[in-house]
Structures are given as structure tokens and as C-alpha cells.
Amino acid sequence: MSRFKNLSSGKLWSVVGAVLYFLCFPPFNLYFVSIFVMPAFLFSIESMRSKRDVIKLSMMASALIAIGGFHWIINAAQSILHLQLWASVCVFALFSLFAAPQVYLFFGLGSRYFQKIRALPVLLQLFFWPTLYVSIEFLSRELKIFPEQLGATLVNNLQLAQAASLGGASLLSFLPLMIGTSIYLLHRNGKRALSTLALSLIFVSGFYFWGSAELDRLKNQTGKLLRVGLIQHGPRRELVPALLRGSDPEALDLLIRQYLELSKLAKKVDLLVWPETAYPMTFPARASVEGNRQNYYANLLFEFTRNSKTALLFGAYELQSKQQFNSGILIDAEGGAAGSYRKNLLLIFGERMPFLDWFPSLNFFLNEFGAFTPGEGPHPLRWNKNFDPVLLGINICYEDIMPQYMRLLAANGAEIFVNLSNDDWSRSSIEQRQHLQLAILTAIENRRPLVRATKTGVSAFVTPYGEILAQVTLNQPGVLVRDVIRSNETSLYLKVGELFSWAAIALTVSLLVFFHTPWGGASKQ
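Calculation criteria
- Residues numbered from 1 in each chain as written.
- Predicted model: local features only at pLDDT ≥ 70, side-chain atom pairs only at ≥ 80, totals over all residues.
- Heavy atoms only, no water.
- Salt bridge = Lys/Arg side-chain N within 4 Å of Asp/Glu carboxyl O.
- Helix = DSSP H or I, 4+ residues; strand = E, 2+ residues; numbered from the N terminus.
- Buried < 20%, exposed > 50% of the residue type's maximum accessible area, 1.4 Å probe, protein only.
- Pairing = 2+ DSSP bridges.
- Axes fitted to C-alpha atoms, helices over the stretch in contact; angles between N-to-C directions.
- Phe/Tyr/Trp six-rings, centres within 6.5 Å; stacked < 30°, edge-to-face > 60°.
- Lys NZ or Arg CZ within 6 Å of the ring centre and 35° of its normal.
- Contact = heavy atoms within 4.5 Å.
- Expected span 1.5 Å × (residues − 1).
- 1 Å grid on protein atoms, 1.4 Å probe; cavity = no way out; pocket = protein on both sides within 12 Å on 5 of 7 lines; lining within 4 Å.
- Points joined across faces, edges and corners; volume = space filled by probe spheres on them.
- Nonpolar A, V, L, I, M, F, W, Y, C, P; charged D, E, K, R; others polar.

Undergrad: Talk me through the pattern of salt bridges; I want residue IDs and the actual numbers.
TA: The final tally for this structure, using the stated rule, is 15 salt bridges. With its nearest N and O atoms 3.0 Å apart, the salt bridge here joins E318 to R342. Taken as a pair, E318 in strand β3 (residues 311-320) and R342 in strand β5 (residues 337-342) lie far apart in primary sequence, 24 residues in all. A relative accessible area of 10% means that E318 is categorised as buried.

Undergrad: Report on the sheet that holds strand β12 (residues 478-485), specifying residues and quantitative values.
TA: Here we have six strands laid out as an open sheet, ordered β5-β4-β3-β2-β1-β12, and mixed in their pairing. Looking at the sheet topology across the chains shown, the edges are occupied by β5 and β12. Each strand axis lies, on average, 35° off the axis of its neighbour in the sheet, ignoring direction. Sheet topology places β3 next to strand β4 (residues 323-331); nine bridges connect them, and they run antiparallel. If you follow E318 over to β4, its bridge partner there is F325.

Undergrad: With reference to specific residues and values, describe the packing of aromatic side chains.
TA: This model, assessed by the stated rule, comprises 32 aromatic pairs. Feature note: the residues F106, Y113, F114, F128, W129, Y133, F514 and F515 constitute an aromatic cluster, connected by ring pairs. Over the aromatic face of F325 sits the side chain of R342, whose NZ or CZ is 4.1 Å from the ring centroid.

Undergrad: Let's hear about the sheet that holds strand β11 (residues 468-471): which residues, and what values?
TA: Reading across the sheet, the six strands line up as β6-β7-β8-β9-β10-β11 and stay open at both edges, with mixed pairing between neighbours. With partners counted over all chains shown, the strands left at the sheet margins are β6 (381-385) and β11, one partner each. Across this sheet, the average inter-strand angle for adjacent strands is 20°, counted without regard to direction. Judged from the three bridges that link them, strand β10 (residues 460-462) and β11 form a sheet pairing that is antiparallel. Residue A460 lies in a different strand from β11, and its bridge partner there is Q471. Packing of helix α15 (residues 403-411) onto the sheet brings it into contact with β7 (388-396) and β8 (416-421), and relative to β7 it is tilted by some 170°. Across the sheet, helix α16 (residues 429-446) is in contact with β8, β9 (450-454), β10 and β11; its angle to β9 comes to roughly 155°.

Undergrad: Explain helix α18 (residues 499-514) to me, and be specific about the residues and the numbers.
TA: The terminal C-alpha atoms of α18, which comprises 16 residues, lie 22 Å apart, in line with the 22 Å expected from a rise of 1.5 Å per residue. Contact partners of the buried residues in α18: α6 (101-112), α8 (122-140) and α10 (164-189).

Undergrad: Go over unusual backbone geometry with me, naming the residues and quoting the values.
TA: With omega at 10°, the peptide bond leading from P26 into P27 counts as cis. The residue P27 is located in the loop between α1 (2-23) and α2 (37-46) in this model. The backbone phi angle of S321 is positive, close to 50°, even though this residue is not glycine. Within the secondary structure, S321 sits in the loop between β3 and β4. In this structure, F387 is a non-glycine residue whose phi angle is positive, near 65°.

Undergrad: So, the pairing of strand β1 (residues 225-232): which residues are in play, and what are the values?
TA: Within β1, six of the eight residues are buried, leaving the element largely enclosed by the surrounding structure. For β1 and β12, the ladder comprises eight bridges, and the chain directions are antiparallel. Bridge pairing in β12 links L225 to I485. Two strands pair when backbone bridges link them, and β1 and strand β2 (residues 271-273) are joined in this way by three bridges, in the parallel orientation. The residue bridging L230 from the neighbouring strand is V273, located in β2.

Undergrad: An account of empty space enclosed by the protein is needed here, citing residue identities and associated values.
TA: Summary: where empty space remains is shown by rolling a probe the size of a single water molecule over the atoms. In the structure shown here, the tally under the stated rule is four cavities of 30 Å³ or more. Considered as a void within the structure, the largest cavity measures approximately 90 Å³ in volume. Together, Y21, F22, F25, P26, I65, G69, F70, F146, E148, Q434, Q437 and L438 line the largest cavity. Mapped onto the lining of the largest cavity, the elements with two or more residues apiece are α1, α3 (51-69) and α16. Top contributing element to the lining of the largest cavity by residue count: α16, with three residues. By residue class, the composition of the lining of the largest cavity is eight nonpolar, three polar and one charged. Looking at the second largest cavity, its volume works out to about 70 Å³. Lining the second largest cavity, in full, are R141, P147, Q149, A169, I401, P403, L438, L441, T442 and E445. A total of four residues in the lining of the second largest cavity trace back to one element, the largest contributor, which is α16.

Any functional reading would require information beyond the geometric quantities listed.
In C-alpha cells:
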């Protein structure tokens, strides 16, 4: 009976922790409840008596996190893999079991060493539990397509979010987890743990006040400006089948002319940005039956840039030596091709199929898009604007949420992050907002302004400190024009990368090894 009560209590706290976790993310954005995630998980770990309990409660938490935050994967499976609803639900059910690998590892290690950790001084426990979690969270993001971390939710608090420029998302995760640990220790140890609450509040407050000073400094920052216009086309899903591969002249004509008409609303801009695959054909045209038509639309773009004296960056396909690329192509204000960026991190199942070399028949799932070739990597595109070189950090789709990729892009000289996306495949405003949230984080980490042009949303201008200056309404056509500062600032994160994360891993491993020594082997009950 006692074990049943323990497990029932563990289930309750596992559910509470998982619900609190997904409430921190869009569309809820209740980032402040993140301080209660750690106590809920620790109460759940307390109840575990066997590996079976660990697996059950981990699986429950993972499934709830997936249902609360990633149910849009059902729509994505239908859109990308062309599955029926029942098959998409099955794919999601399988995904949900492994959606939160950090929970499995945290529950497993926490349960395995719980008594030994509990025997440590309370001040050491205060630092160990959040260090353990952020270490696992950092390593687990390599297993995810969407590398969300709890700390990403703090972009809704600009003062605290500035800490990302020091230690990335892991440092942001550490802050609410530390307060949460102090709440748990205070509950379990009473007045003896009051010092942990005081220390955690002082620690987090220090980052808050430092972040406030950083915001004041960055808001008064001056530098060279680039006037940029963003175009969001909005969903026209009835055109999608006809537009794939440029197969319908009428649909193509309508699409290109709609983009051009919207572009005319962006007055006196240096650079105009269209979304990913806004031009759904190969550019420049291939020598084929379709060549004349493709040349016609390409010439429309060249003519537009010459007449408007505006450079144009847009998403299109490129073909070279039978290799196809998902690209961002730049036409300068004189109507000449100024270069291109080729997407490097290809979306699994959408742009690449694993094991395709071994099983060519899998290409059936990619029949609408084809198997793409990755580009060279995170290198900015040099654009000679009136003899003043601008280094555009172009990235496509979910590349803008990959911390290491974006850091390398900034380290290689990018002055502005320019993201071209088409999130319409998700059929979900939740995914679109999650994508924006994670992209804002990389802007803060690297102190670079972010310009996002997406087909259906969220198209936005974001400052180097994470403030959204303007955004287009989701799933609506729109045009935005803003002056964007060209930043060459070097943040600590840009210099040292994930040093905080690796330091946390080193400390975690050291203490776990210590538990297996004669000095750390005994546990106090």
C-alpha cells in the first residue's frame, strides 16, 4: 500500500511538472511558472522505488509535454509525409514517448543517486540539481528536431534573457531551476534551507539587474543602419499542389505577381526580403521545356529590382551538377545576381530522407520536393551595397534555432541574421510562435539583429537584445519596413560558446564519480 501511495504521488507530481513545463512555452508563455518545474520533478523522483517507476513516470511526463506543446506534429506528418490522419496520430504517439529525453535521464539519474544527493549539504544540493538538469538538457537537444530548452521561455523577460549572451540557453534554464530547487529544499528541510532561498534569489536578481543595465546600454547603441522590408504572403494552400515544381503557369503567375504587388508597398528600402521558396522554381532557369517561362519570371524580378533600385533576397531552388539546393538568392539594386546562400541543415523527412542511399525507394516520400543537397555551411553572404560591404547572415527555416550554427554564422562575420522560412507545413500557429521564440534566443546569444521573412508567420524584426520591434499578423499578408542596425558586437557566448553547459557537465560527472568513491559511497538516511 505504501508503494502504491508513493507511485500515485509520483504520478501526480510528474503530471504537474509536465503541465508546468509546456505552459512555459507558446501559446501560453507563462514563463514564470518555470520555477515550479523543478520542485514538481523532485517530488516525483522522491516517490520512485524501482527502474520501472522511473520509466513509467518519465513516459507519462514526456507524453504530456508532447501533447501540450507539440501536437502540431500530427499536422506536420500529414503535410510532409502525406500520411492519413490515423497514421499521423500513430507517428505522434510514438514521438510523444521520446519527446522529452531530458526527463528520462533526469528522473533516472535523480532516482539512482537521490539518497546520496540528499546527504550533501543543502547549499551543494542547491547547485547540483539544476546543474544536473541543464547538463542533461544540453546533451538531449542533440536528439531533437526542435531543440527547445526551458530557458528559451525567458525571452519573455528581457532583463533575465540577457544572460543568454553570457551562457546561452543553459544559463537561462539554470536560473528558474535554481529557485525551484530552493523551494523544494525549504519544504524538505525547513528553516535550515532558508539560506538556499536567499542565495538563489540574490543570484537571479544579480542577473536581472545586470540585464537591465545591458538593455539600457543596447537601446542607446548606434551604428550603421540598413533599411529592410519584409514580405509575408499569407497562406494560399489551394495553390500549393500547382506550385510544387512550378507545374501550373497560372498559379505561378498569380504567386509572383502577388509578391511583387506587396513589395511595391515597401517604400525606400535598401533590401527587400521574401520568404523561403517564395519563388518555387529553379533560379536561374534550367535549360528545359519550362525554361522560357522560368526565364520570364526571373526577368520580372531583375526588372523589379532595377526599377525600384532595391536589392531583393528571396527563397528559391538552385540546381548544380544534378544537385538541388534550397537557397536564398540575392539580386542587387542594379538588377544583377549578387550571390546565394544554400541551406545546410536540411529538415529530416522534408528535405532529406535518412538511409536514402541504402533504400532508394524511400524517395517516394520526397516526391514533391526531391532530396536536397546541403550547402557549405554558416558563412555570411557579402553584399556590396554602394561600395559599403554588408555581411548578411542568411539562414533558412529552422537553422535560426540551432545555437551552434548561428554562433558560427556570427563568428564568421554576419552583421545581421536574415531568416527565410515557410512554416506553413506545420499548419499550426503554435509551431510558428515556438519557432520565433527559439530564434529570438539565438539573436540575444550572439547580439545580432534578426530579420525573419516567413510565408505565413511569424515575420518580424527583432533587436540584438530580443525585443520584437514589429511583426506581421499570423496567416495574413503583410509588409513591414524598419531600420536595422548592423552589429559587430562580440558577446561572451559568441567568444566561448557553450562553456557554461560543458562546465555543468564536468561538475555533474565529477560528483557522480565521487558518489562511487569510498568518500561518497555512504548515504545518510
